[in-house]
Amino acid sequence: MYRMFEYFPFNMFSKKKKGNEIRTSMEPAIIVHGGAVRFPGKKAEMALAGTRNAAMKGYEVLLKDKSALEAVEAAICELENDPTFDAGTGSPLTSEGDIEMDAVIMDGRTLESGAVAAVKNVKNPIGLARKVMENTDHCLLVGIGANMFADEEKIPRISTEELTTEENKRKLEKFKGSYGKAAQNDFSTRGHDTVGAVAIDNNGNIAFGTSTGGITNKRPGRVGDSPLVGIGGYADNNVAGISCTGHGESITRVALAHDIISLMKYKDMTLKDAADEALGTMSKKLAKAKNNFSAGIIGIGKDGIPVFSFRTEQMAWAWAKDGKLHNGVNPRDNVAYSIKVEGNKTTLTKD
(Lines give C-alpha, C1' and ligand atoms only; values in the text may rest on other atoms or scores of the structure.)
Protein backbone atom coordinates (compact mmCIF):
# COMPACT_ATOMS: atom_id res chain seq x y z
CA MET A 1 0.00 0.00 0.00
CA TYR A 2 1.40 3.41 -0.84
CA ARG A 3 0.52 6.95 -1.63
CA MET A 4 2.26 9.16 -4.14
CA PHE A 5 1.61 12.85 -4.45
CA GLU A 6 3.15 15.40 -6.73
CA TYR A 7 2.71 19.12 -6.75
CA PHE A 8 3.23 21.15 -9.92
CA PRO A 9 3.48 24.88 -9.27
CA PHE A 10 2.13 27.21 -11.92
CA ASN A 11 5.32 29.23 -11.93
CA MET A 12 8.22 27.05 -10.87
CA PHE A 13 10.85 29.71 -11.52
CA SER A 14 10.72 33.49 -11.26
CA LYS A 15 13.05 36.36 -12.00
CA LYS A 16 14.42 38.50 -9.20
CA LYS A 17 16.26 41.74 -9.80
CA LYS A 18 19.03 42.77 -7.43
CA GLY A 19 20.55 46.07 -8.52
CA ASN A 20 21.58 45.51 -12.12
CA GLU A 21 21.67 41.76 -11.65
CA ILE A 22 18.78 39.57 -12.75
CA ARG A 23 18.89 36.04 -11.38
CA THR A 24 16.60 33.05 -11.71
CA SER A 25 14.94 32.10 -8.43
CA MET A 26 13.30 28.86 -7.33
CA GLU A 27 10.11 28.89 -5.28
CA PRO A 28 11.27 27.48 -1.91
CA ALA A 29 9.69 24.31 -0.55
CA ILE A 30 10.09 21.82 2.27
CA ILE A 31 8.73 18.36 2.95
CA VAL A 32 9.05 16.42 6.22
CA HIS A 33 8.18 12.95 7.48
CA GLY A 34 7.56 11.44 10.88
CA GLY A 35 8.10 7.82 9.95
CA ALA A 36 6.61 5.05 7.81
CA VAL A 37 4.81 2.93 10.39
CA ARG A 38 1.29 2.40 11.71
CA PHE A 39 0.02 5.14 14.03
CA PRO A 40 -2.57 3.59 16.39
CA GLY A 41 -5.36 5.55 18.07
CA LYS A 42 -4.57 9.17 18.86
CA LYS A 43 -1.01 8.77 17.59
CA ALA A 44 -2.16 9.57 14.05
CA GLU A 45 -3.43 13.02 15.05
CA MET A 46 -0.29 13.63 17.07
CA ALA A 47 1.88 12.69 14.09
CA LEU A 48 -0.15 14.94 11.79
CA ALA A 49 0.25 17.88 14.14
CA GLY A 50 3.95 17.22 14.68
CA THR A 51 4.82 17.04 10.99
CA ARG A 52 2.65 20.07 10.26
CA ASN A 53 4.48 22.10 12.91
CA ALA A 54 7.87 20.98 11.61
CA ALA A 55 7.04 21.83 7.99
CA MET A 56 5.89 25.28 9.10
CA LYS A 57 9.06 25.81 11.12
CA GLY A 58 11.23 24.97 8.12
CA TYR A 59 9.09 26.97 5.70
CA GLU A 60 9.32 30.07 7.89
CA VAL A 61 13.11 29.78 7.62
CA LEU A 62 12.90 29.58 3.83
CA LEU A 63 10.59 32.61 3.67
CA LYS A 64 13.36 34.62 5.33
CA ASP A 65 15.62 33.81 2.35
CA LYS A 66 17.71 31.44 4.43
CA SER A 67 19.29 28.26 3.12
CA ALA A 68 17.81 24.82 2.62
CA LEU A 69 20.31 23.53 5.19
CA GLU A 70 18.98 25.91 7.82
CA ALA A 71 15.39 24.95 7.01
CA VAL A 72 16.12 21.23 7.25
CA GLU A 73 17.89 21.63 10.59
CA ALA A 74 15.08 23.77 12.01
CA ALA A 75 12.38 21.34 10.91
CA ILE A 76 14.17 18.31 12.29
CA CYS A 77 14.93 20.02 15.60
CA GLU A 78 11.18 20.56 15.91
CA LEU A 79 10.58 16.85 15.33
CA GLU A 80 13.40 15.81 17.68
CA ASN A 81 11.83 17.89 20.45
CA ASP A 82 8.44 16.19 20.00
CA PRO A 83 8.21 12.88 21.92
CA THR A 84 5.62 11.70 19.39
CA PHE A 85 8.54 10.70 17.18
CA ASP A 86 11.51 8.34 17.42
CA ALA A 87 14.27 10.95 17.41
CA GLY A 88 15.82 13.06 20.14
CA THR A 89 13.29 13.14 22.96
CA GLY A 90 11.20 9.99 22.59
CA SER A 91 13.98 7.78 21.23
CA PRO A 92 13.55 4.07 22.06
CA LEU A 93 15.79 2.25 24.52
CA THR A 94 18.59 -0.18 23.71
CA SER A 95 18.72 -3.65 25.26
CA GLU A 96 20.77 -2.06 28.07
CA GLY A 97 18.20 0.66 28.74
CA ASP A 98 20.26 3.41 27.13
CA ILE A 99 19.54 5.79 24.24
CA GLU A 100 21.80 5.92 21.17
CA MET A 101 20.85 8.27 18.35
CA ASP A 102 21.82 8.74 14.70
CA ALA A 103 21.48 11.80 12.46
CA VAL A 104 22.71 13.09 9.11
CA ILE A 105 22.54 16.27 7.06
CA MET A 106 23.75 16.90 3.49
CA ASP A 107 24.25 19.94 1.26
CA GLY A 108 23.21 19.23 -2.33
CA ARG A 109 25.20 22.20 -3.61
CA THR A 110 28.61 21.02 -2.39
CA LEU A 111 27.83 17.34 -1.66
CA GLU A 112 29.28 17.87 1.79
CA SER A 113 27.65 15.88 4.56
CA GLY A 114 27.91 15.33 8.29
CA ALA A 115 26.55 12.55 10.45
CA VAL A 116 26.67 11.06 13.92
CA ALA A 117 25.77 7.55 15.04
CA ALA A 118 25.21 5.93 18.44
CA VAL A 119 25.58 9.34 20.08
CA LYS A 120 24.27 9.75 23.61
CA ASN A 121 22.87 12.54 25.79
CA VAL A 122 22.47 15.15 23.04
CA LYS A 123 19.09 16.88 22.72
CA ASN A 124 19.33 17.60 19.00
CA PRO A 125 21.60 15.19 17.10
CA ILE A 126 20.82 16.92 13.79
CA GLY A 127 22.63 20.04 15.03
CA LEU A 128 25.66 17.96 15.96
CA ALA A 129 25.60 16.31 12.52
CA ARG A 130 25.73 19.72 10.89
CA LYS A 131 28.72 20.67 13.02
CA VAL A 132 30.49 17.49 11.85
CA MET A 133 29.92 18.67 8.28
CA GLU A 134 31.05 22.24 8.85
CA ASN A 135 33.74 21.95 11.55
CA THR A 136 35.56 18.69 10.72
CA ASP A 137 37.12 16.97 7.72
CA HIS A 138 34.95 13.91 8.35
CA CYS A 139 31.53 12.74 7.22
CA LEU A 140 30.58 10.51 10.15
CA LEU A 141 31.50 10.31 13.84
CA VAL A 142 30.23 7.47 16.02
CA GLY A 143 29.80 6.59 19.69
CA ILE A 144 32.40 7.98 22.07
CA GLY A 145 34.01 9.97 19.26
CA ALA A 146 30.72 11.71 18.48
CA ASN A 147 30.23 12.61 22.13
CA MET A 148 33.83 13.85 22.46
CA PHE A 149 33.20 16.12 19.47
CA ALA A 150 29.94 17.35 21.03
CA ASP A 151 31.92 18.32 24.13
CA GLU A 152 34.49 20.14 21.99
CA GLU A 153 31.66 22.09 20.37
CA LYS A 154 30.31 22.89 23.84
CA ILE A 155 26.98 21.22 23.13
CA PRO A 156 25.28 20.71 26.50
CA ARG A 157 24.69 17.12 27.59
CA ILE A 158 21.28 16.10 28.89
CA SER A 159 20.43 12.99 30.86
CA THR A 160 19.09 9.80 29.33
CA GLU A 161 16.06 10.23 31.58
CA GLU A 162 15.24 13.55 29.89
CA LEU A 163 15.16 11.81 26.50
CA THR A 164 13.13 8.84 27.74
CA THR A 165 9.36 8.40 27.78
CA GLU A 166 7.34 6.08 30.00
CA GLU A 167 5.97 4.43 26.87
CA ASN A 168 9.44 3.45 25.71
CA LYS A 169 10.31 2.10 29.16
CA ARG A 170 7.25 -0.17 28.98
CA LYS A 171 8.17 -1.32 25.48
CA LEU A 172 11.66 -2.34 26.53
CA GLU A 173 10.25 -4.39 29.38
CA LYS A 174 7.78 -6.05 27.03
CA PHE A 175 10.27 -6.98 24.33
CA LYS A 176 13.50 -7.38 26.28
CA GLY A 177 15.18 -10.53 25.01
CA SER A 178 13.61 -10.46 21.53
CA TYR A 179 14.85 -7.87 19.07
CA GLY A 180 12.88 -9.52 16.25
CA LYS A 181 9.55 -9.16 18.04
CA ALA A 182 10.43 -5.61 19.00
CA ALA A 183 11.17 -4.76 15.37
CA GLN A 184 7.90 -6.33 14.24
CA ASN A 185 6.00 -4.34 16.88
CA ASP A 186 7.82 -1.11 16.11
CA PHE A 187 6.89 -1.22 12.45
CA SER A 188 3.29 -2.35 12.91
CA THR A 189 1.94 -0.69 16.05
CA ARG A 190 4.46 1.58 17.73
CA GLY A 191 3.13 4.87 16.34
CA HIS A 192 6.46 6.67 16.00
CA ASP A 193 9.52 6.39 13.81
CA THR A 194 12.50 8.12 12.23
CA VAL A 195 12.08 11.76 11.16
CA GLY A 196 13.42 13.56 8.13
CA ALA A 197 13.23 16.66 5.97
CA VAL A 198 14.15 17.78 2.46
CA ALA A 199 14.17 21.42 1.37
CA ILE A 200 14.96 23.55 -1.65
CA ASP A 201 15.70 27.24 -1.18
CA ASN A 202 15.15 30.18 -3.50
CA ASN A 203 18.59 29.66 -5.04
CA GLY A 204 17.70 26.10 -6.05
CA ASN A 205 19.96 24.54 -3.42
CA ILE A 206 18.70 21.25 -1.97
CA ALA A 207 19.43 19.74 1.44
CA PHE A 208 18.25 16.66 3.29
CA GLY A 209 18.43 15.51 6.89
CA THR A 210 17.33 12.51 8.91
CA SER A 211 17.32 11.74 12.63
CA THR A 212 16.42 8.61 14.59
CA GLY A 213 16.73 6.81 17.89
CA GLY A 214 16.54 3.41 16.20
CA ILE A 215 14.52 0.41 17.33
CA THR A 216 13.44 -0.81 20.77
CA ASN A 217 15.77 -3.40 22.31
CA LYS A 218 18.49 -2.93 19.69
CA ARG A 219 22.01 -4.00 20.59
CA PRO A 220 24.28 -1.22 21.83
CA GLY A 221 26.17 0.11 18.84
CA ARG A 222 23.52 -0.88 16.29
CA VAL A 223 23.30 1.63 13.45
CA GLY A 224 20.60 1.58 10.78
CA ASP A 225 20.35 3.32 7.43
CA SER A 226 19.62 6.84 8.67
CA PRO A 227 23.14 8.32 9.05
CA LEU A 228 24.53 6.57 5.96
CA VAL A 229 24.72 8.89 2.95
CA GLY A 230 23.43 7.16 -0.17
CA ILE A 231 21.53 4.60 1.90
CA GLY A 232 19.09 6.48 4.13
CA GLY A 233 19.16 9.68 2.11
CA TYR A 234 21.00 11.85 -0.39
CA ALA A 235 21.04 15.38 -1.79
CA ASP A 236 22.39 16.60 -5.11
CA ASN A 237 21.26 19.88 -6.68
CA ASN A 238 21.53 18.25 -10.10
CA VAL A 239 19.11 15.45 -9.23
CA ALA A 240 17.09 15.55 -5.99
CA GLY A 241 17.06 15.33 -2.23
CA ILE A 242 15.68 12.22 -0.50
CA SER A 243 15.09 11.10 3.09
CA CYS A 244 14.15 7.46 3.71
CA THR A 245 12.24 5.96 6.61
CA GLY A 246 11.41 2.45 7.72
CA HIS A 247 13.36 -0.61 8.83
CA GLY A 248 17.04 0.35 8.75
CA GLU A 249 18.41 -3.07 7.87
CA SER A 250 15.94 -3.49 4.99
CA ILE A 251 16.73 -0.04 3.59
CA THR A 252 20.46 -0.65 3.93
CA ARG A 253 20.33 -3.98 2.10
CA VAL A 254 18.80 -2.39 -1.01
CA ALA A 255 20.69 0.93 -0.73
CA LEU A 256 17.36 2.67 -1.17
CA ALA A 257 18.47 6.29 -1.64
CA HIS A 258 21.17 5.22 -4.10
CA ASP A 259 18.61 3.13 -5.98
CA ILE A 260 16.26 6.08 -6.42
CA ILE A 261 18.98 8.58 -7.38
CA SER A 262 20.45 6.09 -9.88
CA LEU A 263 17.09 5.54 -11.55
CA MET A 264 16.74 9.29 -11.95
CA LYS A 265 20.29 9.82 -13.24
CA TYR A 266 20.71 6.84 -15.53
CA LYS A 267 17.15 6.02 -16.60
CA ASP A 268 15.92 9.61 -16.69
CA MET A 269 13.01 8.82 -14.37
CA THR A 270 11.11 11.44 -12.40
CA LEU A 271 11.44 11.32 -8.64
CA LYS A 272 7.89 9.97 -8.47
CA ASP A 273 8.58 7.11 -10.86
CA ALA A 274 11.97 6.30 -9.36
CA ALA A 275 10.56 6.16 -5.82
CA ASP A 276 7.70 3.96 -6.97
CA GLU A 277 10.08 1.63 -8.76
CA ALA A 278 12.57 1.34 -5.91
CA LEU A 279 9.98 0.86 -3.18
CA GLY A 280 7.94 -1.49 -5.33
CA THR A 281 10.86 -3.88 -5.86
CA MET A 282 12.14 -3.87 -2.26
CA SER A 283 10.09 -6.82 -1.09
CA LYS A 284 11.14 -8.97 -4.05
CA LYS A 285 14.81 -8.10 -3.58
CA LEU A 286 14.60 -8.99 0.10
CA ALA A 287 12.56 -12.17 -0.32
CA LYS A 288 15.35 -14.30 1.18
CA ALA A 289 16.45 -11.79 3.81
CA LYS A 290 15.44 -11.85 7.46
CA ASN A 291 13.24 -9.07 8.82
CA ASN A 292 11.95 -7.99 5.43
CA PHE A 293 10.03 -4.73 6.01
CA SER A 294 8.69 -2.00 3.73
CA ALA A 295 9.72 1.64 3.71
CA GLY A 296 8.80 5.15 2.63
CA ILE A 297 10.54 8.24 1.27
CA ILE A 298 10.09 11.96 0.94
CA GLY A 299 11.94 14.08 -1.58
CA ILE A 300 12.20 17.17 -3.73
CA GLY A 301 13.57 17.02 -7.25
CA LYS A 302 15.67 19.71 -8.88
CA ASP A 303 12.36 20.92 -10.35
CA GLY A 304 11.26 21.89 -6.86
CA ILE A 305 8.34 19.45 -6.66
CA PRO A 306 7.69 17.82 -3.26
CA VAL A 307 7.04 14.07 -3.51
CA PHE A 308 6.34 11.29 -1.05
CA SER A 309 5.78 7.58 -1.43
CA PHE A 310 5.36 4.71 1.01
CA ARG A 311 4.60 1.00 1.03
CA THR A 312 3.79 0.81 4.73
CA GLU A 313 0.27 1.13 6.13
CA GLN A 314 0.83 4.78 7.04
CA MET A 315 3.45 7.53 6.88
CA ALA A 316 3.23 10.94 8.52
CA TRP A 317 4.18 13.74 6.13
CA ALA A 318 3.72 17.44 5.48
CA TRP A 319 5.01 19.82 2.84
CA ALA A 320 4.84 23.58 2.32
CA LYS A 321 5.21 25.61 -0.85
CA ASP A 322 3.61 28.62 -2.57
CA GLY A 323 1.83 29.70 0.60
CA LYS A 324 0.15 26.32 1.02
CA LEU A 325 0.74 23.43 3.40
CA HIS A 326 -0.42 19.85 2.79
CA ASN A 327 -0.51 17.16 5.49
CA GLY A 328 -1.43 13.49 5.78
CA VAL A 329 -0.79 10.10 7.33
CA ASN A 330 -3.08 7.65 5.47
CA PRO A 331 -2.65 6.70 1.79
CA ARG A 332 -5.39 9.02 0.53
CA ASP A 333 -4.93 11.88 2.97
CA ASN A 334 -4.27 15.38 1.67
CA VAL A 335 -5.41 18.05 4.11
CA ALA A 336 -4.68 21.52 2.72
CA TYR A 337 -3.95 24.73 4.63
CA SER A 338 -3.28 28.31 3.60
CA ILE A 339 -0.23 30.06 5.07
CA LYS A 340 -0.54 33.75 5.86
CA VAL A 341 2.45 35.89 6.77
CA GLU A 342 1.95 39.22 8.55
CA GLY A 343 5.17 40.76 9.75
CA ASN A 344 6.89 38.21 11.99
CA LYS A 345 3.69 36.24 12.51
CA THR A 346 2.77 33.22 10.40
CA THR A 347 -0.69 31.67 10.64
CA LEU A 348 -2.13 28.47 9.24
CA THR A 349 -5.79 28.21 8.17
CA LYS A 350 -7.44 24.99 7.04
CA ASP A 351 -8.88 25.31 3.52
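Before reading further, recall that the structure is shown in the block above.
Rules used in this analysis
- Residues numbered from 1 in each chain as written.
- Predicted model: local features only at pLDDT ≥ 70, side-chain atom pairs only at ≥ 80, totals over all residues.
- Heavy atoms only, no water.
- Helix = DSSP H or I, 4+ residues; strand = E, 2+ residues; numbered from the N terminus.
- Buried < 20%, exposed > 50% of the residue type's maximum accessible area, 1.4 Å probe, protein only.
- Contact = heavy atoms within 4.5 Å.
- Areas by Shrake-Rupley, 256 points an atom, 1.4 Å probe, with all protein chains shown as cover.
- Pairing = 2+ DSSP bridges.
- Salt bridge = Lys/Arg side-chain N within 4 Å of Asp/Glu carboxyl O.
- Axes fitted to C-alpha atoms, helices over the stretch in contact; angles between N-to-C directions.

Enquirer: Help me get a handle on the overall build of the protein chain, residues and values and all.
Expert: Counting its regular elements, the protein chain contains 10 helices and 17 strands. Taken over 351 residues, the protein chain has a buried fraction of 59%. Sequence-distant contacts, at least 24 apart, represent 67% of the contacts inside the protein chain between residues at least 6 apart. A total of about 14,700 Å² of accessible surface is found on the protein chain, and carbon and sulfur atoms cover 49% of it.

Enquirer: Summarise the pairing of strand β16 (residues 335-342); cite the residues concerned and give the values.
Expert: Relative to β16, strand β15 (residues 324-328) runs antiparallel, the two being bridged by 4 bridges. Its bridge partner being in β16, Leu325 is matched across the sheet by Tyr337. Connecting β15 to the antiparallel partner β16 that follows it, the hairpin turn spans 6 residues. Joining the antiparallel neighbours β16 and strand β17 (residues 345-350) is a turn of 2 residues, in which Gly343 adopts a positive phi near 65°.

Enquirer: Would you mind going over the pattern of salt bridges in detail, with residue names and values included?
Expert: In total, this model carries 16 salt bridges according to the counting rule given. Between Arg130 and Glu73 there is a salt bridge, with the nearest N and O atoms lying 2.8 Å from each other. With Arg130 in helix α3 (residues 125-135) and Glu73 in helix α2 (residues 68-80), this pair connects stretches of sequence that are 57 residues apart. Among the residues examined, Arg130 registers a relative accessible area of 16% and is labelled buried. A residue is classified by how much of its surface remains accessible, and Glu73, at 19% relative accessible area, is buried. Taking the shortest distance from any N to any O, the salt bridge between Lys169 and Glu166 comes out at 3.2 Å. Taken together, the residues Lys169 and Glu166, both in helix α6 (residues 166-175) and 3 residues apart, mark about one turn of the helix. Its relative accessible area of 27% is what places Lys169 among the partly exposed residues. Residues joined by salt bridges that share partners form a network here, namely Lys43, Glu167 and Lys171.

Enquirer: Describe the sheet that holds strand β4 (residues 29-33), with residues and values.
Expert: Here 10 strands make up an open sheet; going across it, the order is β7-β6-β5-β9-β8-β4-β14-β15-β16-β17 and the pairing mixed. Each edge of the sheet is formed by a strand with only one pairing partner; in this case those strands are β7 (140-142) and β17. Adjacent strand axes in the sheet meet at a mean angle of 10° when their direction is disregarded. Pairing geometry for β16 and β17, over 6 bridges, is antiparallel. Within the sheet, the bridge partner assigned to Ser338 lies in β17 and is Thr349. Contacts from helix α1 (residues 43-63) reach β4, β8 (195-200), β14 (317-321), β15, β16 and β17, with the element oriented near 155° to β4.

The values are spatial; any link to function lies outside them.
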